[in-house]
Structure formats: C-alpha cells, structure tokens
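So the chains spell out like this:
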Amino acid sequence: MNFKNRMKSLACLSLVAGGLWAQNVCVSTPNTSLLLSAPAGGELRILYYGEKLAEADLKTYEGDRGMDAAYPVYGLTCITETALAVTHADGNLTTEMVVDQVATSDDDTSTKTVVRLKDKVYPFYVNVCYRAYHDVDIIEAWTEITNGEKKPVVLTQFASAYLPIRRGEVWLSHLHGSWANEGQLVQEPLTPGMKVIQNKDGARNSHTDHAEVMFSLDGQPRENAGRVIGAALCYGGNYKLRVETHDGDYHQFFAGINEDNSAYRLEKDETFVTPALALTYSDEGLSGASRNFHRWGREYKLANGDKLRKILLNSWEGVYFDINQEGMDQMMADIAAMGGELFVMDDGWFGGKYQRNKDNSSLGDWVVDKRKLPEGIEGLLADAKKHGIKFGIWIEPEMTNTVSELYEKHPDWILKAPQRDPVLGRGGTQLVLDLANPEVQDFVFGVVDDLMTRYPEIDYIKWDANMPISNHGSQYLPADKQSHMYIEYHRGFAKVCDRIRAKYPDLTIQACASGGGRANWGILPWFDEFWVSDNTDALQRIYMQWGTSYFFPAIAMASHISAAPNHQTFRTIPLKYRIDVAMSGRLGMEIQPKNMTGEEKKLCKKAIAEYKTIRPVVQQGDIYRLLSPYDKLGLASLMYVAPAKDKAVFYWWKTEHFVNQHLPRVPMAGLNPDKLYRVHELNRIDNEPLAFEGKVFSGAYLMANGLEIPYNHKVDYHKQNDYSSRVLYLEAVE
Ligand code: DGJ
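The following refers to the structure shown. (Residues numbered from 1 in each chain as written. Predicted model: local features only at pLDDT ≥ 70, side-chain atom pairs only at ≥ 80, totals over all residues. Heavy atoms only, no water.)

So, on to the nonpolar core. In a soluble, globular protein the nonpolar side chains are often hidden away together inside. Membership of the largest hydrophobic core comes to 133 residues, with the highest contact counts inside it found for M345, W349, F391, I458 and W463. Not counting residues up to four positions away in its chain, the partners in contact with W349 are I323, W366, V367, V368, D369, L373, I377, I393, W394, I395 and L451. A132, L190, L217 and L241 belong to the second largest nonpolar core, which has 62 residues in total. (Core = buried A, V, L, I, M, F, W, Y, C linked by side-chain atoms within 4.5 Å. Buried < 20%, exposed > 50% of the residue type's maximum accessible area, 1.4 Å probe, protein only. Contact = heavy atoms within 4.5 Å.)

Let us now look at the site of the ligand. The local shell around the ligand holds 13 residues, among which D346, D347, K462, D464 and D534 are the closest. Taking K462, its side chain carries an N or O atom lying 2.8 Å from an oxygen atom of the ligand. Between the ligand and G515 there is a distance of 2.9 Å, counted from an oxygen atom to a backbone nitrogen or oxygen. Protein chains bury 98% of the 300 Å² of accessible surface belonging to the ligand in isolation. Residues belonging to the shell around the ligand are distributed by class as follows: four nonpolar, three polar and six charged. (Near = heavy atom within 4 Å. Polar contact = N/O pair within 3.5 Å; in protein donor to acceptor, adjacent residues only side chain to side chain. Areas by Shrake-Rupley, 256 points an atom, 1.4 Å probe, with all protein chains shown as cover. Nonpolar A, V, L, I, M, F, W, Y, C, P; charged D, E, K, R; others polar.)

The next subject is the sheet that holds strand 31 (residues 622-627). One open sheet accounts for six strands, arranged 31-32-33-36-34-35; its pairing is antiparallel. Lying at the two open borders of the sheet, with one neighbouring strand each, are strand 31 and strand 35 (696-698). Averaged over all pairs of adjacent strands, the angle between strand axes in this sheet comes to 25°, irrespective of strand direction. Of the pairings in the sheet, the one linking strand 32 (residues 635-641) to strand 33 (residues 647-654) comprises seven bridges and is antiparallel in character. Opposite S637, over in strand 33, you have W652 as the bridge partner. (Pairing = 2+ DSSP bridges. Helix = DSSP H or I, 4+ residues; strand = E, 2+ residues; numbered from the N terminus. Axes fitted to C-alpha atoms, helices over the stretch in contact; angles between N-to-C directions.)

Okay, the state of the cysteines next. Counted under the stated rule, the structure contains zero disulfides. Cysteine C497 is unpaired, with the sulfur of C512 as its nearest cysteine sulfur at 14 Å. Assessed through its relative accessible area of 2%, C497 is described here as buried. Residue class for C512 comes out buried when judged on its relative accessible area of 1%. (Disulfide = S-S within 2.5 Å.)

Before going further, it helps to examine the packing of aromatic side chains. Scanning the entire structure with this criterion turns up 29 aromatic pairs. Cluster of aromatic residues (ring-pair linked, three or more members): F293, W296, W521, F530, Y550, F551 and F552. Above the plane of the ring of W531 lies R541, whose end atom (NZ or CZ) is 4.7 Å from the centre. (Phe/Tyr/Trp six-rings, centres within 6.5 Å; stacked < 30°, edge-to-face > 60°. Lys NZ or Arg CZ within 6 Å of the ring centre and 35° of its normal.)

Written out as structure tokens, the structure is:
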C-alpha cells in the first residue's frame, strides 16, 4: 500500500493533545462525520460518530471524555471486550498498537482512509480502514492484519470494527427468527452486561439472527424521528456482534467474523482482511437509516441494483418435485397470459442414475432428467420463447447427497471430520461440499458455467443452500488449519461467485437458502435478490418483510403470491390481500395457476399490469415505514416515494379484525409538502371507488393527516371476509 497519498484539508488536522503531536482524522459522508484521533506513535482513538461536524466544530473538537481506542486489542487492558487478540510467534499474548501512518485516497465514489497501526515491539501491523461514500451516508470499516514476525502468529479474535455508542437511553433493533419465520423484529433497551448476536450455521447466516443492527439513541425506537446508528456486517459466514455495557459511558459495539472454533494461523508476511462493517447514521429515525442502507445497497452492493426486476412465476409451491415438460409449458403459458415476464423451474429437474423425486438424492448430478423432460432444457427454452417470456432454473451447487453419482466419484469432496461418520442433512442424505478445495470451487463454478454455456438464454438462476455445515472438517485443509474451515469455505464461495459474475454479469441470480438464510450484504454483491422466506403466508410476510426492510431494499426482497390455504400456515387469505402484500416487494407468483379460477387470474393480471406502473417507485424509491405491525394496533402501513417525490405508493394492511375496532388513521411521510398529489387506488375490488379516488391533496395535508381508509371492502355479501388491504398510487399533478 502506498502511504504517500495526499492528506485532504478537512480530512486531517493537526492538534496538540496530551503532549503528543496529534492528528485528527475526519472521515465524512454528505451528512455524517467519523472523527479519529491518530497521533503518530500514540493510540488511535474514536472521538465522534454522528451528524456532520461543521468546520468550526472540527477545529475545536477535543473529543468526548471516555471515547477510547478505535480498535481495542487484548493484553494490556484485559478487563473489557477487545477487537483483536493475538498469540505472537514467541507465545506473547499481549499486543500494543500505535499509529504509524495515515493515508487517504479517493476514487470516483468514495474516499478511503487507512490508519496504519504497528505493535510497539513486534513487526505486527493492523490497517484500520474506512471507506466513506461521496453520495450516501455510509462508511465501511474493516481491518487488514499483517504478520511481519518471523513465524506464524495465531489470531483468536479479529473483529472488523469497533464503535463506542454514548450511553443514555439507547435501544437496539435487530432481527431474529427461524426457518419460515425469518426477519422478526426485536427491539430492546441496552442494559448492563453483554448482548451477543451471532451465527454458527457455517454456510448461511440469516435464518435466525441477522448480522445487522440499529441503535436508536433517543429512547424507544421511532420510524421517522430520532437519531439512529445502523450497522451491517458484510459477510456471508459465521459472525458475532457484541455490545458490552460495562462501567464506562459508552456501549461498546464490536462486529466481525465469529472466531469460535476459527482461530486463524497467520503465516509470516500474510495479511488477513476482515469483512467490512457498513455504518450509517440518520436523524430521521429507523426508516432514515434504512433509506441509507437501501440507497448504498442498490448503488454499490447489490448485483444489478440499478435494473428493474422481472415479474416471475416460480414452480415450487405449484408442483414441488413433480416436474415434467407439459406441466412446465402450462405454467409458462399461464404466467405469460397474466402478464408475467419470467418462469423459474425449481427443484426436481435433474438426475441421471438417481432421480430427484424428493429431497434425498441427486444433488451434484446436474444433468437434465430426460425421463421428465424429454426435450431437455432446449425444449423448455423453446416453450418460454413461444410464450414470450424468459426462463430460469434452480440449482443447489454447494451441496451433494450420499445418493448421487458425484458423491460416489468424489467422497473426498465433502466437509467431514476425520475418523467420524458424516452428520447428514436434508432428506437424511445431504452433505456440504468442501469449498476450501480448489477442485470443488471449479466444480461449483462449472455447474453455472455449463448451464450458461449450453443454454445462454437462461435468464435467471435460483441458487439454493439447504444445509448448515454440520461436520467440522475439511478433507482438503491440513491438520493445523482445520480451524480455518469456516473462513476458507467462504473464501472459496467468494472465488466461485467472482468468477461467475466476471463471466455472467447480467444473469439474474437469487440467493435462496431454505428460504431467507442468505439475506446479507456479504452475499448480495453476487446476487440480485434473495428469497425472504419459505413462508409465503401474506399475514406473516407483513411481519417478516417489515423486519427485513430495515436493512434490505424492496428490489432484493422476493415476495410471491401463493395459494390459499397457505402451504405453510394453512391460513386462508383472500387473493386481493395476498397480492397487496406481494406487491410491496419484488413481485412474483408461487402457485399452480391451473388451480386458479378465471376471476382470480383476471385479478392477478390486473395486479401485474399495475405493478409494472409502480415498479420503479417500489424497487428504486425511498421507504417510509409508517405504522408497524409489531405495535399491534390492528394495522401495518408503509410507503415508497420516488427520489423526485413526484410519485409514491402507499400500502395499508389490516392485521386483525374485530367489530367496532378503532384503527388509527395513518399520516404519510416522505412527500413534498408543496406538491399536489392525485390519489388512485390499485388492485381495486370494491363495487364503488373510495371517497377520495381521483382527488388531489397536498403533500402537507397527506403527511399531517393521511386519508380516512374504510376498514372493510365494499363487495357483494358472499365475497366479504375478515381481511382488508389497500394500495394507493400517488402522482404529483402540476
Ligand atoms: C428450499 C427453498 O427455499 C424452496 O423455495 C425450494 O426451492 C426448495 N428448497 C427446493 O428444494
């Protein structure tokens, strides 16, 4: 690294502090500042993170008392949590880092600040790095740890970043859940002690807890007011987020790879790069922090974040493993007739010696099962062409089954401990391939590459991953590097994905992992979207999608209309409500259209046409969450507003139903108070239009009062039910 880069006037100021010539380094985005004290030969400290500091404040800033090391290390102050712990080559467990050099460099979109720390005694270095974006309030923080000692050192803790958060009435918002109940929002005050949020699945990392959090600094979290710090660890593997509240004035927040059973032996001259922690700050509440994450995500992280997504039908809940040529053709015809743009054939299409008729065989044998599809993928592509839509396909390339030709040929390619029988996963036969092994990496890359080489018209891949790493053991790594297995798995995964994206940048790829196991900013740079959950029940989806939207934009959240009764909850929800929920994400269908009535198909056709109108607002607009389903007020409501504030879509879903219940009226947000908006209801099923249909209201009025929305639908008696929802489209008028 070249440390002779120029210093920028405001980025670095020289001050005298504590007898040392101190250098204050300011990392800034359009509306935020992160201020560091980096005195040469002294300790790197964090002085401030929050609202942008004016030049005058920067010059006079002396730092808060108690603000501490920017990257706390273990050994000489052992009584609180640390970011880094090292066993040096000579067995010394202590580390003492001081500032060596500071450098900043610019590219078109961001400024990178690197503070090089050096151990006072050992040739051991840590670069503490910050990337500040020029047009969005995100700072990515990570470290580069280099061993210049004569022999290997062992890293037993290696966080990406540390942030002190001033105590007061700080609340933590984070996501918890499980399979089919992902993204549940948990909000709690931070209290003394340790809060640990972590994952140990190995392969996937967002089914239960999520690697993203928000801190509301002004008491109980509010959606559209109050100061919020958000943090998202960009890593697809095991992570650990820690918040220690000790006896100091700051909550101490650490985030990084989960070091449990992952001690890392760093060879001489090797550099270990930790994944980035994306930090944001907003004084516009939780929704404000979400908007920052979404904007940054769409612009810089998510694959093809600037392209609108197609409306698709996925075959899973429609036919499960019952794949055949005729059935696929019929589904394609149906989705095309409803105005959809893409059909995705899910699990069950492959297998040579072993047929994939259920979940217990054939993963790894990625050949078309000609018994089911005599005309092969060519036949399906021809069908798609005939219907004027695109075609996509399901794979699960990181996995195999004991019942497969792949496993018969390469039993040494699976993750497994020596001397032990492997623990088996899904179907009682599933195993995870050893992505640390370059041959396995080639194989996994080849699964996608072969498909795309033979069938370049394939438009979309659903990449599934249905098993955690249940066997600690790489048959490829040497005995003294077995503790690297989780990390090497994800390095291998990254290599494969980099190769795929270098060759197929435009291919749409969905990250699916038994539902929402891969909703993470470490994964999404290679993926266009993720499957939010295997649970497609519209009511439960409101809760899951609400939580997930804290960190991920609608464009990435696959949200499908499915059958009633729902296949997971067995709840019967009317189609209108199912549509209105699915339309708040990346709309798709997960249903057998053959079983739908003509009237239902008509409603879906209308909804698909209307979604095409609002798609840019939903997929590229700014989210304003208005009324949380978790508040249990009988309603949930949110809206998306186009960046120019000339268009908006407002969603209103009733979440419970009682006679004479009094639901709150929901003020809107994010509009231009001076603009006038015409209101038009989408997906209307009522016999008469709403009282305000076609009428014009000022943004100021809508944000102060909202609209009086009738609690129920005015439909014929036999069509009445206990669900009610509305989607309103607002367009500015001159
Ligand atoms: C789990 C996924 O989440 C489902 O959508 C489906 O693709 C199945 N796997 C197929 O086995």
